[in-house]
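# Residue-level structure breakdown
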Amino acid sequence: MLKVDPRDKTKLIDPLFAAPGARFWLAALALSAVIAWGGTMYARQFIFGLGETGMNRPTYWGVYMVNFIFFIGISHAGTLISAILRVTGAEWRRPITRVAEAITTFALIVGTLQIIIDMGRPDRLLFVILHGRLQSPILWDVISVTAYFLGSITYLYLPLIPDVAILRDNAPETAPGWQRKLYTLLALGWRGNREQWARLEKAISIMAVFIIPVAVSVHTIISWILATTVQPGWHSSIFGPYFVVGAIFSGIGALFIAMTAVRKVLGLEQYIAGRQYRNLGLLFVTMNAIWAYFTYAEHLSIAAGQQVEEFPVLAAKLWGEFAPGFWLMVALMAAAFWALAVPRLLPAAAERVPVFRPRYALASAGAAAVVLFLLVTPQPTSVHAALTDAQIRTLGWALLALFVVGAGLGVSPWLKARPVTASVIAAVCVVIGMWLERWNIIVPTLTHPRLIPYSLYQPTLTEISLTAASLALFGLMFLVFFKLFPAVSIWEVAEGRVIEEAQSKIVIPAPEPSETRRLRQRRLKL
Amino acid sequence: MRPAASYHPQNKHEDAILSPLRRITFADRWLWAVLLGVMGLGAYAYSRQWIFGLGVTGLNRPVYWGVYITNFVFFIGLAHSGTFISAILRLAGAEWRKPLTRAAEAITLFSLPFGVASILIDMGRPDRALNVILFGRFQSPLLWDFTAVSLYLFSSVVFFYLSLLPDIALCRDRLTEAPLWQQRMYDLFALGWRGHPEQFRRLERVLDGMAIFMTMLVVTVHTVVSWVFGMTIQPGWHTALIGPFFLLGAIFSGTAAVVIALAILRRVYHMEEVLTVNLFNSLRKLLIVFTLGWLYMIVAEHLTIFYGSLPDEMEVFWQKFTGEYAPIFWLMVLTVFVLPLIIFVFLGKSRIGWMVTASVLVNVGMWLERYVVIVPTETRPRLVSTLMEGIGNYQPTWVEGAITAALFAGMVLLYAVFTRLFPVVPVWETAEAVEAEVPPARPRRRVFGAGRPR
Amino acid sequence: MPIGEWIAAFFTSPGPGGVVVIVVIGLAAGIHVWLTRWILRGGEQAEEEKYRFK
């Protein structure tokens, strides 16, 4: 009979046995509707063929492939949080491991689904197993994603066992029979004695160490599917690390969104607290910087190389037909960086300066929007004549930059007071930005190929519906999972409490108090 | 405003740390003499190069860059050790790094000038170095390189000096039996440091800020150095990965160099209490991560090239894997990955001897790696499709060897002299963080982002 | 303000690169000297009123 802390019981266990409320059913219904719609669109695609999508020659890979890489990227959230932070001994990870591991598993499922959706003849998937060539990155991809998937499920399940046992033992009388049976089954007869705990710890530690290289290999190999071709813009050796960095980056973003959602809906402010947001935010900002470094290195190489086939791909991204998407991505990433970094650096007294107030931020943002509108959209001839002058255009872009910075400064104190909101804003920006980044990698290259004339790619309703349905599927799996299982790992958090209590009792004999000791309380302020 | 003595935080290892400064042994003088001898030989070799021109080296067309540029990249890479330990680990809140910072930064300080010197040595007409300043084009990676490395050198000196400042004052106050010129030197460089708490507070703040700046600078410097190669379209050089590749390689070889320096200092100056085995274990974990990370990058690089099978690239590829440079390439793989990984993972825990062996192998291998990145590409350039007799070979001569030896000797000499004049472990930084050699009790006390439990 | 011309000039001119070097190093030197002096000024009489030992 496993005991549980009464605080944990009210917050984490009771909601699982309560009958699902109206909100739950409404959400489940809405998501199922979107999935059903996606299902019908897929049926149409299955019957009428891939002509229903926008894909053609030479754009063999489109939105589905972008989604695939995007979802597999998001799946790196779990590994980072659970495994790397566990290995480095970061205690603050404890409340969020369950959410992270859940994201990984579901993102992997939905990601793999994208491949199947992308195939006109899904039955041919068996060919990879029957006739796969060992030297093909696609085969390696199948192997590594499968390995990662199995590893993630194990890594999700192992820490779940004690929690499920707790649920089994603490189920109220009114709990439905099927739920009790489910927990009893999944608990695998966990008794919680010392021997079992020791073995579980060992197993989880080993898994943690082994899943890190598997996760790194997954996104590396996916990137090598692109990099081992000679397509301009793809054949770049940086893709391996670049994709891994991007994956971890987008994974943290997804984690922010998911943990905030869980925190809000289930009222878990005691568990998923400021410390998680602070530390995860630091990681996020670092990954943002590293990602920006890799992106810059990538594009600068092509720009400096000026090779005949490579340069048009870059040009299409910088000022061609893919420019809006590219610059939107850059803006989103910069906004995310700003949203998390600047509030930390801002002194508390900044609010007294007029520029740092929301209304000025709004005014600035409005002005920026107006200038942007004038610069990029076609104007009536009288305005157009003025705007074609190089100097006025440059002035326009400079003004735009100024207004955007002003808006950013104005909104910073507001963000500083709301770290959770700032994190979510940054995370949403990054998640959208990373989807755009995948788009910018895949489509410009395919539409500007080496030997064939250039083409255009226009995603159709089918592809958009199936993307929406995939996201809805992800959401639904998430919803159902956290209705059945605790959103915070009960035993890990309890373990954390014990450790913190023990730590506070450790006394390291200090040398004689000296003047400088008083100074050392100050920590690096970021 | 010259106080007779300033305040110094208590450090129970102060005597152990200051003891090397109190005498200069016969062994020291012998060492310095040998090193000066090697430098003399190098100077003689350079004089021959100055008089007879670059023909005395193995450089030719199309191999314009050889051992000298390898030295340049290698020394700049070594220099990243100090910044990594002092700045990056400082930002990460790794308290264990404190005893190491000065030893590591000294490596930075004394390898950077030799990196810069390598460039000047590489030039047949060194006076033309001024042309970069007078006529440098803004869009040239060489100019960015020049600017970045100069700024890095300058900032490293300042960062080093600032963290040395309280200890110079300590030397001035404690080393009363030192020769007069030495005492005057301490007096001058102490800049009237009083040890007031406010001064310490401000010093810490400035060091925190500089740590962020130096981190960005490290990334910039080594990336810009790599872009001198990466922004050309030479096969084997024109890869986007070259930036992160060189950066990780630099931090890797630098950390290994820190291990070597630390082991030598520990042994020669009897600092077993201060430079504990735990430090080596922490460095060991970092080195394992770096080795694996760098292995990952090398695989990514070569796999992409191999699968692309572009003819120009493959020429260089086969040069490295099966051609003229295969012995060096595979020796590099052995000494940078295979042997060090085996040693670090299986033999290195708490065994300093093995750690040093592996670190020496790593540094030798990294020098070879630089060589293997630079030279094979030049021997198979893009437009020389049918190589004429005698072109596409590179054979370093004794001049280059002697000068390389002289550069290493110079670095070691400066380092050795430094350790006899200034404390090599920061006394003021380790004042309350002195840990006894006790293995950390379970549960683990490492908390990400916080030095103390909240 | 011929900003466009300036940008174009940056990318095409063979200008004296030394300007960049000198400006960067000079700025760094100035900042560093100022910082060092600021550190050493700590705890002087006038400022002892402002800062209190915590």
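These numbers come from a predicted model, not from an experiment. (Residues numbered from 1 in each chain as written. Chains lettered and ligands numbered in written order. Predicted model: local features only at pLDDT ≥ 70, side-chain atom pairs only at ≥ 80, totals over all residues. Heavy atoms only, no water.)

With that settled, consider the overall build of chain B. Of the regular secondary structure elements, chain B holds 14 helices and 0 strands. Secondary structure elements of chain B occur, N-terminal to C-terminal, as α-α-α-α-α-α-α-α-α-α-α-α-α-α. Relative to the compact-globule value of 22 Å for 454 residues, chain B shows a C-alpha radius of gyration of 23 Å, a close match. Oriented by its inertia axes, the alpha-carbon framework of chain B measures out at about 75 × 55 × 45 Å. For chain B, the residues scored as buried account for 59% of the 454 residues in total. Pairs at least 24 residues apart make up 83% of the contacts formed inside chain B by residues separated by at least 6 positions. (Helix = DSSP H or I, 4+ residues; strand = E, 2+ residues; numbered from the N terminus. Rg over C-alpha atoms; globule rule 2.2 N^0.38 Å. Buried < 20%, exposed > 50% of the residue type's maximum accessible area, 1.4 Å probe, protein only. Contact = heavy atoms within 4.5 Å.)

Bringing the overall build of chain A into the picture now. Looking only at helices and strands, one finds 20 helices and 0 strands in chain A. Against the globule reference of 24 Å for 526 residues, chain A gives a C-alpha radius of gyration of 26 Å, in line with a compact fold. Projected onto its principal axes, the C-alpha positions of chain A cover 80 × 70 × 50 Å. Residue burial in chain A is summarised as follows: out of 526 residues, 50% are buried. Within chain A, counting contacts between residues at least 6 apart in sequence, those at least 24 apart form 83% of the total.

A word on the side chain of B:His222. Mapped onto the fold, B:His222 is located in helix 8 (residues 197-230). Every residue in contact with B:His222, bar those within four places of it in the chain, is listed here: B:Val73, B:Ile76, B:Gly77, B:His80, B:Phe246, B:Leu247, B:Ala250 and B:Arg370.

With that settled, consider the layout of surface pockets. Residues and elements named next belong to chain A. The calculated volume of the second largest pocket comes to roughly 1,000 Å³. Lining the second largest pocket are 33 residues; nearest its centre among them are Ala261, Val262, Gly475, Phe478 and Leu479. Looking at the lining of the second largest pocket, the elements that each hand over two or more residues are helix 1 (6-17), helix 2 (22-48), helix 3 (63-74), helix 10 (239-266), helix 17 (419-447) and helix 18 (461-484). The element that contributes the greatest number of residues to the lining of the second largest pocket is helix 18, accounting for 8 residues. (1 Å grid on protein atoms, 1.4 Å probe; cavity = no way out; pocket = protein on both sides within 12 Å on 5 of 7 lines; lining within 4 Å. Points joined across faces, edges and corners; volume = space filled by probe spheres on them.)

Before going further, it helps to spend a moment on helix 13 (residues 323-345) of chain A. All names here are of chain A. Here helix 13 contains 23 residues, and its C-alpha end-to-end distance of 32 Å stays within 8% of the 33 Å for a straight helix at 1.5 Å per residue. Maximal helix bending in helix 13 amounts to about 30°, located at Trp338. Those residues of helix 13 not exposed but buried are Ala323, Gly325, Phe326, Met329, Leu332, Met333, Ala336, Ala339, Leu340, Ala341, Val342 and Pro343. Packed against the buried residues of helix 13 are helix 10, helix 11 (274-305), helix 12 (310-318), helix 16 (390-417) and helix 17. (Expected span 1.5 Å × (residues − 1). Bend = angle between axes of the 7 residues up to and from the residue.)

Looking now at empty space enclosed by the protein. Per the counting criterion, the structure on display carries 10 cavities of 30 Å³ or more. Roughly 110 Å³ of volume is contained in the largest cavity. Forming the walls of the largest cavity are 14 residues, and the residues nearest its centre are B:Phe245, B:Glu301, B:Lys320, B:Glu369 and B:Val373. Of the residues assigned to the lining of the largest cavity, the class counts are 8 nonpolar, 3 polar and 3 charged. Roughly 70 Å³ of internal volume is contained in the second largest cavity. Looking at the second largest cavity, the residues that line it are A:Gly233, A:Phe239, A:Tyr242, A:Glu298, A:His299, A:Ile302, A:Val313, A:Lys317, A:Asn440, A:Ile441 and A:Thr445. If you list the elements that add at least two residues to the lining of the second largest cavity, you get helix 10, helix 11, helix 12 and helix 17 of chain A. Residue classes in the lining of the second largest cavity are distributed as 5 nonpolar, 4 polar and 2 charged. (Nonpolar A, V, L, I, M, F, W, Y, C, P; charged D, E, K, R; others polar.)

What follows concerns the nonpolar core. Residues A:Leu255 and A:Leu280 are the most contacted members of the largest nonpolar core, which totals 273 residues. Residues within four places of A:Leu255 in sequence aside, it is in contact with A:Ala77, A:Ile81, A:Ile96, A:Val99, A:Ala100, A:Ile103 and A:Leu280. Core analysis: the next-biggest nonpolar cluster, separate from the first, contains 5 residues, B:Trp32, B:Ala409, B:Leu413 and B:Ala416 among them. (Core = buried A, V, L, I, M, F, W, Y, C linked by side-chain atoms within 4.5 Å.)

Applying the stated criterion across every chain yields a total of 30 salt bridges over all chains. When the shortest N-O distance is used, the salt bridge between A:Arg121 and A:Asp123 registers 3.1 Å. Taking relative accessible area as the criterion, A:Asp123 reaches 46% and is therefore assigned partly exposed. Residue B:Arg202 pairs with B:Glu198 through a salt bridge whose shortest N-O separation is 3.1 Å. Placement of both B:Arg202 and B:Glu198 in helix 8 is noted, with a separation of 4 residues, approximately one turn of the helix. What you see here is one network of salt bridges that share partners, running through B:Arg90, B:Arg97, B:Glu204, B:Asp208 and B:Glu429. (Salt bridge = Lys/Arg side-chain N within 4 Å of Asp/Glu carboxyl O.)

Time to look at the confidence of the model for chain B. Averaged over all residues, the pLDDT of chain B equals 85, while 92% of them reach at least 70. Our summary of model confidence lists the complex with pTM equal to 0.87 and ipTM equal to 0.84. (pLDDT = per-residue confidence, 0-100.)

On to the environment of B:Arg174, then. All names here are of chain B. Structurally, the position occupied by Arg174 is in helix 6 (residues 141-174). Judged by relative accessible area, Arg174 falls into the partly exposed class, the value being 32%. Once residues within four sequence positions are removed from consideration, Arg174 is found in contact with His8, Glu14, Leu18 and Arg22. Polar side-chain contacts of Arg174 include one of 2.4 Å to the side chain of Glu14. (Polar contact = N/O pair within 3.5 Å; in protein donor to acceptor, adjacent residues only side chain to side chain.)

Residue and element names in this part refer to chain A. Their axes nearest at 7 Å, the elements helix 7 (residues 137-170) and helix 19 (residues 490-505) cross at an angle of 95°. The orientation of helix 7 with respect to helix 19, classified from their angle, is roughly perpendicular. Here Pro159, Pro162, Asp163 and Ile166 of helix 7 come into contact with helix 19, specifically with Ile490, Trp491 and Glu492. Its residues placed into classes, the contact of helix 7 with helix 19 shows 5 nonpolar, no polar and 2 charged. (Axes fitted to C-alpha atoms, helices over the stretch in contact; angles between N-to-C directions. Parallel < 35°, antiparallel > 145°, perpendicular 65-115°, else oblique.)

Okay, the environment of A:Trp439 next. Residues and elements named next belong to chain A. As for its position among the elements, Trp439 is in helix 17. Sequence separation of Trp439 and Ile69 is 370 residues, and the distance between their C-alpha atoms is 9.6 Å. When near neighbours in sequence (up to four residues on either side) are disregarded, Trp439 contacts Val63, Val66, Phe322, Pro444, Tyr457 and Pro459.

Before going further, it helps to examine a nonpolar patch on the surface. All names here are of chain B. A cluster of nonpolar side chains, contributed by Leu331, Leu334, Val338, Leu339, Ile342, Val345 and Phe346, occupies part of the molecular surface with about 580 Å² of accessible area. Residue placement: Leu339 occurs in helix 12 (residues 326-347). Residue Leu339 is classed as partly exposed on the basis of its relative accessible area of 30%. (Patch = residues over 30% accessible without salt bridge, like charges linked within 9 Å, V, L, I, M, F, W, Y side chains within 5 Å. Areas by Shrake-Rupley, 256 points an atom, 1.4 Å probe, with all protein chains shown as cover.)

Taking 1.5 Å per residue, 34 residues should reach 50 Å; helix 7 of chain A reaches 48 Å between its end C-alpha atoms and fits that length. Sitting at the head of helix 7 of chain A, A:Ser136 places a side-chain oxygen 3.0 Å from the backbone nitrogen of A:Ile138.

Here we come to the side chain of B:Asp145. The residue B:Asp145 is located in helix 6 in this model. Setting aside residues no more than four positions away along its own chain, B:Asp145 makes contact with B:Phe72, B:Val224, B:Val225 and B:Val228.

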